[in-house]
Amino acid sequence: MDGGGLFVCGLNKDGQLGLGHTEDVLCFTLCKSLGGCPIQQVACGWDFTIILTENGQVLSCGSNSFGQLGVPHGPQRCVIPQAIELLTEKVVCVAAGLRHALAATVSGIVFQWGTGLASSGRRLCPGQTLPLFLTAREPSRVTDAGELYVWGSNKHGQLATQAAFLPVPQKIEAHCFQSEKVTAAWSGWTHLVAQTGTGKVFTWGRADYGQLGRKLETQEGWKLEKQDSLRPQNSTPSSLYCLMGATEISCGSEHNLAVIGGACYSWGWNEHGMCGDGTEANVWAPKPVQVLQSAPGLLVGCGAGHSLAVCQLPAQPDPGKDLNVAHPPSNATEDINSEEALDKEKLEGKTNFNPNLT
């Protein structure tokens, strides 16, 4: 709404909707506990919510079992949004993982809190001392550099490195992005998308459902090692020309949406029809969603297995006249031969949230 009000609905067993109770809500309901404070952004974790106000303050509600609310001595859950007092500088962006959260301040400092990644770090980095931000229940500084850093699980090469787990942030070198500055990045379960200042879009990570929108240069970029564990062999950022100049991008678990020239494009995992093409076949290259080819004011978003789009409805055509549809450039719909994916994990993680989300 124009006033920046927050509407919520859905599962609420830990008070993640911020309504003051723990009953599930079936219809979008105004979160009155915010007292009319204009909201800039919302990030949802597994069972908690991070809220960024228009003036740069960060609030949280829901489960605090892993310190994901950023309130170290707070209760196990909070049903009313409360301020994260340790974030004293104005925040411009927030994000939420399974059981951890992040915030970036106006000066470029990144903070993380919540212990959701700590168990993976201890298992994959035995004997190493984990950095504070992986084990803290309050906001802890990650980095203040203005480059693209990644850390956490690398099971599918999503961190563009050979290591299985990165306990500390590691910069992806600028040459991986054709020496251009990265201005935005999005993460799926096991793949990443980044955009540079000139509008180029790069993808890397897991690719067996088409989530990269391109064919890999090597045989799926993987090699099988002992105990049937998959280790990344070759996963580096590569640009997708057809997404040049995208104004909106969103990553689901293993599918993606983008807005280019006012039209919506989709690609990746499509088992539940979330690519919007009327089928349940994976989409191996970005292609337009037909019903959203000419939709003014288009905004898109992805869940794990569903997609959303907000747009202005077109005016109804006069009776007997055909509706003119603006078709996108042909180079964005080139067919890419699909490669058979026989990953043993295809049946895992499709209906449950992936614990390896970084």
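In this text, all values refer to a predicted model and were calculated from it rather than measured experimentally.

Draft legend 1. View of the pattern of salt bridges. The full count for this structure, using the stated rule, is five salt bridges. Between arginine 206 and glutamate 254 there is a salt bridge, with the nearest N and O atoms lying 3.4 Å from each other. Residue arginine 206 is found in the loop between strand E15 (201–205) and strand E16 (222–224), and its partner glutamate 254 is found in the loop between strand E19 (248–251) and strand E20 (255–260); the two are separated by 48 residues along the sequence. For arginine 206, a relative accessible area of 3% translates into the label buried. Several salt bridges converge on common partners, so that one network encompasses Arg206, Asp208 and Glu254.

Draft legend 2. Expanded view of unusual backbone geometry. Positioned with a positive phi, glutamine 178 is a non-glycine residue whose angle comes to about 55°. Mapped onto the elements of the fold, glutamine 178 is located in the loop between strand E12 (165–171) and strand E13 (182–187).

Draft legend 3. Broad picture of a nonpolar patch on the surface. A cluster of nonpolar side chains, namely Phe7, Phe28 and Leu30, defines an oily patch on the protein surface of about 310 Å² accessible area. Topologically, leucine 30 is positioned in strand E2 (residues 25–30). Accessibility expressed as a relative area gives 35% for leucine 30, which makes it partly exposed.

Draft legend 4. Quick peek at the pairing of strand E22 (residues 283–288). Most of E22 is tucked away, with five of its six residues classed as buried. Across three bridges, the pairing between strand E21 (residues 263–268) and E22 is antiparallel. Paired with glycine 268 across the two strands is valine 283, which belongs to E22.

Draft legend 5. Examining the nonpolar core more closely. Ile50, Val58, Leu87, Val91, Val94, Ala103 and Trp113 are the most contacted members of the largest nonpolar core, which has 16 residues in total. If you list the elements that add at least two residues to this core, you get strand E4 (48–53), strand E7 (91–96), strand E8 (101–105) and strand E9 (110–113). Per-element tally for this core: the top contributor is E4, with three residues.

Draft legend 6. Structural view of the confidence of the model for the protein. Overall, the prediction assigns the protein a mean pLDDT of 80, with 77% of residues at 70 or greater. Across residues 325–358, confidence stays below pLDDT 50; counting only partners more than four residues off in sequence or on other chains, it has 65 contacts.

Draft legend 7. Just the packing of aromatic side chains, in detail. For the structure on display, the rule yields two aromatic pairs. Plain terms: the ring middles of phenylalanine 177 and phenylalanine 202 are 5.4 Å apart, the flat faces sit at 85° to each other, and that makes the pair edge-to-face. Within this pair, whereas phenylalanine 177 is found in the loop between E12 and E13, its partner phenylalanine 202 is found in strand E15, the two being separated by 25 residues in sequence. The buried category is assigned to phenylalanine 202, whose relative accessible area is 1%. Taken together, the ring pairs in this structure connect Phe177, Phe202 and Trp204 into an aromatic cluster.

Draft legend 8. Seen up close, the sheet that holds E13. With antiparallel pairing, the four strands of this open sheet are ordered in space as E13-E14-E15-E18. With partners counted over all chains shown, the strands left at the sheet margins are E13 and strand E18 (238–239), one partner each. Where E15 and E18 come together, two bridges link them in antiparallel fashion. Paired with threonine 203 across the bridge in E18 is serine 238.

Draft legend 9. Seen up close, the state of the cysteines. Tallying each qualifying case throughout the model produces zero disulfides. Unpaired in this structure, cysteine 302 has its nearest cysteine sulfur neighbour in cysteine 251, at a distance of 7.0 Å. Residue classification places cysteine 302 among the buried residues on the basis of a relative accessible area of 19%.

Draft legend 10. Region of interest: the sheet that holds strand E5 (residues 58–63). Strand order across the open sheet formed by four strands is E3-E4-E5-E6, with antiparallel pairing between neighbours. Taken across any chain shown, the strands that pair with only one partner, and hence form the sheet edges, are strand E3 (39–44) and strand E6 (77–83). For this sheet the average axis-to-axis angle between neighbouring strands, irrespective of direction, equals 10°. Pairing of E3 with E4, which is carried by five bridges, proceeds in the antiparallel orientation. The partner of valine 42 across the bridge, within E4, is isoleucine 51.

Draft legend 11. Inspection of the side chain of aspartate 14 at higher detail. Mapped onto the secondary structure, aspartate 14 falls in the loop between strand E1 (7–10) and E2. Within polar-contact distance, the side chain of aspartate 14 engages the side chain of lysine 13 at 2.7 Å. Excluding residues that lie within four positions of it along the chain, aspartate 14 makes contacts with Thr22, Asp47, Gly62, Ser63, Arg77, Cys78 and Val79.

Draft legend 12. Examining the environment of glutamine 16 more closely. Mapped onto the fold, glutamine 16 is located in the loop between E1 and E2. For glutamine 16, a relative accessible area of 7% translates into the label buried. It is 8.6 Å that separates the C-alpha atoms of glutamine 16 and arginine 77, two residues lying 61 residues apart in sequence.

Draft legend 13. Just the pairing of strand E23 (residues 299–302), in detail. Both E23 and strand E24 (residues 307–310) contribute to a ladder of four bridges, which runs antiparallel. Opposite glycine 301, over in E24, you have leucine 308 as the bridge partner. Once E23 ends, the chain turns through four residues before running back antiparallel as E24.

Draft legend 14. View of the environment of glutamate 85. Turning to its location among the elements, glutamate 85 is positioned in the loop between E6 and E7. Residue classification places glutamate 85 among the exposed residues on the basis of a relative accessible area of 61%. Along the chain, glutamate 85 and glycine 70 lie 15 residues apart, while their C-alpha atoms are 8.6 Å from each other.

About the cut-offs
Each chain has its residues counted from 1, following the order in which its sequence is written. In keeping with the model being predicted, local features are shown solely for residues with a pLDDT of at least 70 and side-chain atom pairs are shown and tallied solely at 80 or more, while totals for entire chains, interfaces and linings include all residues. Side-chain numbers come from the whole structure's heavy atoms, not from hydrogens or water. A pairing counts as a salt bridge when a side-chain nitrogen of Lys or Arg comes within 4 Å of a carboxyl oxygen of Asp or Glu. A helix here means a DSSP run of H or I that spans at least four residues, while a strand means a run of E at least two residues long, and both kinds are numbered starting from the N terminus. Between buried and exposed lies partly exposed: a residue is buried under 20% and exposed over 50% of the maximum accessible area for its type, with that area taken using a 1.4 Å probe on protein chains only. Residues enter a patch when their relative accessible area is above 30% and they make no salt bridge; the linking distance is 9 Å between like charges and 5 Å between nonpolar side chains (Val, Leu, Ile, Met, Phe, Trp, Tyr). For accessible areas, the Shrake-Rupley method is used with a probe of radius 1.4 Å. Any residue's cover is judged against the shown protein chains and nothing else. A pair of strands is treated as paired once DSSP finds two or more bridges between them. Buried Ala, Val, Leu, Ile, Met, Phe, Trp, Tyr and Cys residues that are joined via side-chain atoms within 4.5 Å together make up what is termed a nonpolar core. The quantity called pLDDT is the predictor's confidence in a given residue, expressed from 0 to 100. Every residue pair with non-hydrogen atoms within 4.5 Å of one another is taken to be in contact. Aromatic rings from Phe, Tyr and Trp, taking only the six-membered ring of Trp, are treated as a pair when their centres fall within 6.5 Å; an angle between ring planes under 30 degrees marks them as stacked, one over 60 as edge-to-face, and anything in between as tilted. When two cysteine sulfur atoms are found within 2.5 Å, that pair is recorded as a disulfide. In this analysis an axis means a line fitted to C-alpha atoms, helices contributing only their contacting stretch, and an angle means the value between N-to-C directions, from 0 to 180 degrees. Counting of polar contacts relies on pairs of N or O atoms within 3.5 Å, with two restrictions inside protein: one atom must be capable of donating a hydrogen and the other of accepting it, and residues adjacent in sequence are counted only when both atoms are side-chain atoms.

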